[in-house]
Amino acid sequence: ADEVVAIHHEKRRGEEKKDSLSFQGEVSNSTMGALLAAFLLSINHIHIWLSRSSIIESLLITLILANIYFFLRFVSEASWRIEDDTKKLPPPYEGGGGRRFFISSWLWFGLTLGLGFLTKYTAVFLLPVYGVYILFFRRDLFSSRQLWYAVLIALILFSPVILIISFLVKLN
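Because the structure is a prediction, the values reported are computed rather than measured.

### Observations concerning the overall build of the protein
Here's step 1: Assigned secondary structure in the protein consists of 7 helices and 0 strands.
Here's step 2: Seen in sequence order, the protein has helices and strands lined up from the N terminus as α-α-α-α-α-α-α.
Here's step 3: Expressed as a percentage of its 172 residues, the buried residues of the protein come to 23%.
Here's step 4: Here the analysis covers contacts within the protein between residues at least 6 apart in sequence; of these, 72% occur between residues at least 24 apart.

### Re the packing of aromatic side chains
Here's step 1: Per the counting criterion, the structure on display carries 12 aromatic pairs.
Here's step 2: A ring pair is formed by Phe74 and Phe109, whose centres lie 6.2 Å apart and whose planes are at 5 degrees; its orientation type is stacked. Of this pair, Phe74 sits in helix 4 (residues 55–83) while Phe109 is found in helix 5 (residues 98–119), placing the two residues 35 residues apart along the sequence. Pair check on accessibility: Phe74 and Phe109 agree, each one buried.
Here's step 3: Look at Phe117 and Phe158: their rings are 5.6 Å apart centre to centre, the planes differ by 65 degrees, and that puts the pair in the edge-to-face class. Of this pair, Phe117 sits in helix 5 while Phe158 sits in helix 7 (residues 145–171), and the two are 41 residues apart along the sequence.
Here's step 4: Taken together, the ring pairs in this structure connect Phe71, Phe74, Phe109, Tyr130, Tyr133 and Phe137 into an aromatic cluster.

### Section: the environment of Gly110
Here's step 1: Mapped onto the secondary structure, Gly110 falls in helix 5.
Here's step 2: Residue Gly110 is classed as buried on the basis of its relative accessible area, which comes to 0%.
Here's step 3: Remark: the alpha-carbon pair of Gly110 and Phe71, spanning 39 residues in sequence, is separated by 8.8 Å.
Here's step 4: Setting aside anything within four residues of it in sequence, one finds Gly110 in contact with Ala150, Ile153, Ala154 and Leu157.

### Observations regarding helix 6 (residues 126–137)
Here's step 1: Its 12 residues give helix 6 an end-to-end C-alpha distance of 16 Å, which sits within 8% of 16 Å, the value for a rise of 1.5 Å per residue.
Here's step 2: For helix 6, the complete set of buried residues consists of Leu126, Tyr130 and Ile134. Projected down its long axis, helix 6 shows its buried positions confined to an angular sector of 55 degrees, all on one face.

### Some thoughts on the nonpolar core
Here's step 1: In terms of nonpolar packing, the biggest core is built from 21 residues, with Phe71, Phe74, Phe109, Leu113, Tyr130, Leu141 and Leu147 touching the most fellow members.
Here's step 2: Of all the elements in the fold, those that place two or more residues in this core are helix 4, helix 5, helix 6 and helix 7.
Here's step 3: Every residue in contact with Phe71, bar those within four places of it in the chain, is listed here: Phe109, Tyr130, Tyr133 and Ile134.

### Quick look at the pattern of salt bridges
Here's step 1: All told, the structure shown has 1 salt bridge when counted by the stated rule.
Here's step 2: Close ionic contact of Asp140 with Arg138 constitutes a salt bridge, the shortest N to O distance being 3.0 Å.
Here's step 3: Asp140 sits in the partly exposed class, given a relative accessible area of 30%.
Here's step 4: Looking at Arg138, the relative accessible area reads 11%, which means it is buried.

### Digging into the environment of Gln146
Here's step 1: On the secondary structure map, Gln146 appears in helix 7.
Here's step 2: In this structure the side chain of Gln146 is engaged in a polar contact, spanning 3.1 Å, whose partner is the side chain of Ser144.

### Some remarks on a nonpolar patch on the surface
Here's step 1: A cluster of nonpolar residues, Val132, Leu135, Phe136, Phe137, Phe142 and Trp148, forms a patch on the protein surface that exposes about 650 Å² of accessible area.
Here's step 2: Among the secondary structure elements, Phe142 is positioned in the loop between helix 6 and helix 7.
Here's step 3: A relative accessible area of 35% places Phe142 in the partly exposed class.

### Focus on the confidence of the model for the protein
Here's step 1: Here the protein averages 76 in pLDDT, while 67% of its residues score no lower than 70.
Here's step 2: Across the protein, element-level confidence peaks in helix 6 with a mean pLDDT of 91 and bottoms out in helix 1 (residues 2–28) with 54.
Here's step 3: Note that residues 82–86 has pLDDT below 50 and, in this model, 2 contacts with residues that lie over four places away or in other chains.
Here's step 4: Considering only residues more than four positions removed or in separate chains, one finds that residues 93–98, a stretch of pLDDT under 50, has 7 contacts.

What counts, and at which threshold
Residues numbered from 1 in each chain as written. Predicted model: local features only at pLDDT ≥ 70, side-chain atom pairs only at ≥ 80, totals over all residues. Heavy atoms only, no water. Helix = DSSP H or I, 4+ residues; strand = E, 2+ residues; numbered from the N terminus. Buried < 20%, exposed > 50% of the residue type's maximum accessible area, 1.4 Å probe, protein only. Contact = heavy atoms within 4.5 Å. Phe/Tyr/Trp six-rings, centres within 6.5 Å; stacked < 30°, edge-to-face > 60°. Expected span 1.5 Å × (residues − 1). Arc of directions from axis to C-beta. Core = buried A, V, L, I, M, F, W, Y, C linked by side-chain atoms within 4.5 Å. Salt bridge = Lys/Arg side-chain N within 4 Å of Asp/Glu carboxyl O. Polar contact = N/O pair within 3.5 Å; in protein donor to acceptor, adjacent residues only side chain to side chain. Patch = residues over 30% accessible without salt bridge, like charges linked within 9 Å, V, L, I, M, F, W, Y side chains within 5 Å. Areas by Shrake-Rupley, 256 points an atom, 1.4 Å probe, with all protein chains shown as cover. pLDDT = per-residue confidence, 0-100.

What follows is the structure, given as structure tokens:
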């Protein structure tokens with residue numbers, strides 16, 4: 001009799017497991033379950049606060065990474081240009097687009113630097129890093145017009161903030 005009861009309980013547990021798995025599968029694969037989850041997430045105040053506060057950081061990180069990429073690209077292309085202007089274009093630039101990309105690398109460097117400053121002021125930490133690198137390893141870039149054009153582009157993009165801050169300082 002005890003064996004029959006034990007077998008009955010095992011059977012019943014298996015059916016309960018199957019029922020619960022079936023219910024979970026129905027909820028997780030249903031459109032209504034997805035809409036309910038989206039609704040609950042959209043009204044969760046902690047989720048809203050975290051997503052609103054970190055949206056700037058994700059954009060800033062993207063711009064900083066792009067800026068570092070274009071800075072390194074600009075530095076490598078500038079070293080190629082300074083070493084020997086009569087050389088053929090290095091392999092990644094063959095095909096007629098090399099000179100154009102050299103122009104666009106300093107242009108993109110200036111644009112991403114200015115947009116990084118506009119996104120959040122903590123992007124300013126890039127200036128001392130670039131300055132130290134150029135001072136110790138690439139002093140020849142200080143005489144490069146493209147570097148100063150890139151800095152000018154960044155300042156032009158950031159100039160509205162500078163003007164607003166100077167205006168607010170004069171009011172106080």
